[in-house]
Amino acid sequence: PSLLRSQAYIGGKWVSALSNKTYGVIDPATQKVLIEVPDMNAEDTRLAIHAATDALVGWKKQTARYRAQVLRRWYDLLMANQDDLARIMTLECGKPLAESQGEVAYGASFIQWFSEEAPRAYGDVIPPFSAGRRLLVVKQPVGVCGLITPWNFPIAMITRKAGAALAAGCSVVVKPASETPLSALAVAKLGEEAGVPPGVLNVVTTTKGKNTQEIGEELTTNPAVRKISFTGSTAVGKLLMKQAAGTVKKVSLELGGNAPFIVFNDADLDAAVDGCLNSKFRNTGQTCVCVNRIYVQSGVYSTFASKLAAAVSALKVGHGLDPGVKIGPLITREGVEKVRRHVEDAVQKGAEMVTGGKPHEKGGNFWEPTVLTGVGKEAVVAREETFGPVAALFKFETEAEVIHQANATEFGLAGYFYSTSISRIFRVAEALEVGMVGVNEGLISTEVAPFGGIKESGLGREGSKYGMDEYMEEKYICVGGIGEDSV
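Undergrad: Could you clarify how one ought to interpret the nonpolar core in this entry?
TA: The tendency in soluble globular proteins is for nonpolar side chains to be buried side by side. Within the largest apolar cluster, 63 residues are counted, with the highest numbers of intra-cluster contacts made by Trp-74, Leu-78, Leu-85, Leu-166, Val-172 and Tyr-471. Take this core: its biggest share by element is 9 residues, from helix α5 (residues 156-168). Aside from chain neighbours lying at most four places away, what touches Tyr-471 is Gln-140, Pro-141, Val-142, Cys-145, Leu-147, Lys-161, Ala-164, Ala-165, Ala-168, Cys-170, Lys-227 and Ser-229. In terms of nonpolar packing, the next biggest core, distinct from the first, is built from 35 residues, Ala-29, Val-263, Ile-327 and Tyr-416 among them.

Below you can see the structure in the form of structure tokens.
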């Protein structure tokens, strides 16, 4: 119960909004209000930025080993509270409990990883360009960071950013998604218990609409904030990037995707079906690296479609806390309507519904897991990210043809393909215009590898040995006047 918080976290204190306004957090499976949390605005955010600015002075002066120890305690507490954190997550975002438990471990792994990386923020010694000089490069924290996170991974998207930022010596203001503030507040509570100093980690909560826009603008325009990290839609990312340009902030963006999933004739079809299920239907199809366009070579198209449809039709739909559930609700009614629009558009343009294709009998935000075959490139699903449990199958003939189709999008986050040809594996992996490639694998995210996209899918990388660099600045130091003749 202590992890279920009804107040925001600013400067080491649990606080209400200055306006005393609140809003209800909704269980998307039942549409019932779980709890009320503060509905904050720009004024509250300025207080959080001020707290982060004050805390930065002491935090960045701590040794890297000290910061590592704090982060390690935070990791231990996250894992010790895995079950409670998972229940909170399932209630506010709808994902099945087993997936929520997996996300807690995944999210905690970033805190563990960056606790280990903190003491390894090495600089450089550069050979001097002339006698009497020594040239050094040191890495220093960029400063106060604004972290704006989505609802689909309400813990991992915070820890992936905050872990790197705190390890680097930065302080942060987190603005979690309006739909899922409870996970963020629970994580902050455990950070407090782990010894994260007051003001180093702050969480401001708010509803969608005017207040969200105000908070985003405050974070991107306040000169005390030197870094913005955002995960969400490309449209919002572009807006935040434009706003941050006014004070030339460092920006990391993990934006929308339109991931291709390619099955070649020589693929292991059973493995490809498993990989497609994992990537397409995880979190009810609501992940940024979700498969969106499934390209199947003509020689195995029918067999793959039949195998996939059989597997999809067996997926259990229900409340995420119910045993055996694999497909939970979509997060909002807007999500349901987008799925409906994509399915109806594909069918109108010649696609065939093999299974699913309509709202689930449970009603509300539930949608039947769907497989569509014969989808044409004119369909909306070929251009837009569905963010729902809809598998759209496109047929192709040649490798060159499918590479062209896979790359015919402004997005470039993730791509997947299945083949047993070693030559093709290297050709296609190098040809796909994406930041991450899964070869014979549908689950690719890990704390040890860089996560991020190219084109309009974002800037920068999260996780891995590169993740801390996003929160640090390189400073060149030239030391002159060094006598060379006395030795």
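Undergrad: For this particular structure, what's the right way to read helix α6 (residues 181-194)?
TA: Structural remark: α-helix, 3.6 residues per turn; residues separated by three or four positions point the same way. Over its 14 residues, α6 runs 20 Å from end to end, which matches the ideal 20 Å to within 8%, given 1.5 Å per residue. The buried fraction of α6 amounts to 12 of the 14 residues, a majority that puts the element mostly inside the structure. Within α6 the residues assigned to the buried category are Pro-181, Leu-182, Ser-183, Ala-184, Leu-185, Ala-186, Val-187, Ala-188, Lys-189, Leu-190, Gly-191 and Ala-194. Downstream of α6 by one or two residues, Gly-195 has phi in the positive range, about 100°.

Undergrad: Any chance you could explain empty space enclosed by the protein here in plain terms?
TA: One pass over the full model with this rule turns up 3 cavities of 30 Å³ or more. For the largest cavity, the calculated volume is near 50 Å³. Taken together, 14 residues make up the lining of the largest cavity; nearest its centre are Asn-258, Pro-260, Phe-411, Ala-414 and Val-434. A class-by-class count of the residues in the lining of the largest cavity yields 7 nonpolar, 5 polar and 2 charged. Quantified by volume, the second largest cavity comes out at close to 40 Å³. Around the second largest cavity sit Ser-252, Leu-253, Glu-254, Phe-451, Gly-452, Leu-459, Gly-460, Arg-461 and Glu-462, which together line it. Considering each element in turn, the lining of the second largest cavity owes the most residues, 3 residues, to strand β11 (residues 250-254). Across the lining of the second largest cavity, the residue classes break down as 3 nonpolar, 3 polar and 3 charged.

Undergrad: Would you take a moment to explain the sheet that holds strand β22 (residues 472-479) for this structure?
TA: Sheet strands pair by backbone hydrogen bonding; their relative direction is either parallel or antiparallel. The 3 strands are arranged β5-β6-β22 in an open sheet whose pairing can be described as antiparallel. In this open sheet, the two strands that pair with only one neighbour each are β5 (124-126) and β22. Averaged over all pairs of adjacent strands, the angle between strand axes in this sheet comes to 25°, irrespective of strand direction. Where strand β6 (residues 134-141) meets β22, 8 bridges bridge the pair, whose relative direction is antiparallel.

Parameters at a glance
Each chain has its residues counted from 1, running along the sequence as written. Two thresholds apply to this predicted model, a pLDDT of at least 70 for residue-level local features and 80 or more for giving and counting side-chain atom pairs, whereas whole-chain, interface and lining totals are computed over all residues. Side-chain metrics rest on all non-hydrogen atoms present in the structure, leaving aside hydrogens and water. We define a nonpolar core as any set of buried Ala, Val, Leu, Ile, Met, Phe, Trp, Tyr and Cys residues linked to one another through side-chain atoms lying within 4.5 Å. Only protein chains enter the area calculation, which uses a 1.4 Å probe; residues under 20% of their type maximum are buried, those over 50% are exposed, and those in between are partly exposed. A run of H or I in DSSP becomes a helix once it reaches four residues, and a run of E becomes a strand once it reaches two; helices and strands are each numbered from the N terminus. Residue contacts follow a heavy-atom distance rule, with two residues in contact if any of their heavy atoms lie within 4.5 Å. Multiplying 1.5 Å by the helix residue count minus one yields the expected span of that helix. Lining residues are those with an atom within 4 Å of a point, where the points come from a 1 Å grid over the protein atoms alone and group into cavities, where a 1.4 Å probe fits but cannot get out, or pockets, open sets with protein on both sides within 12 Å along at least five of seven lines. Grid points are joined across faces, edges and corners, and a volume is the space filled by probe spheres set on the points. Asp, Glu, Lys and Arg are counted as charged, while Ala, Val, Leu, Ile, Met, Phe, Trp, Tyr, Cys and Pro are counted as nonpolar; the rest, among them Gly, fall into the polar class. In this description, strands pair whenever DSSP reports at least two bridges between them. Lines are fitted to the C-alpha atoms to define the axes, a helix being fitted only along its stretch in contact, and any angle between axes, read from their N-to-C directions, falls within 0 to 180 degrees.

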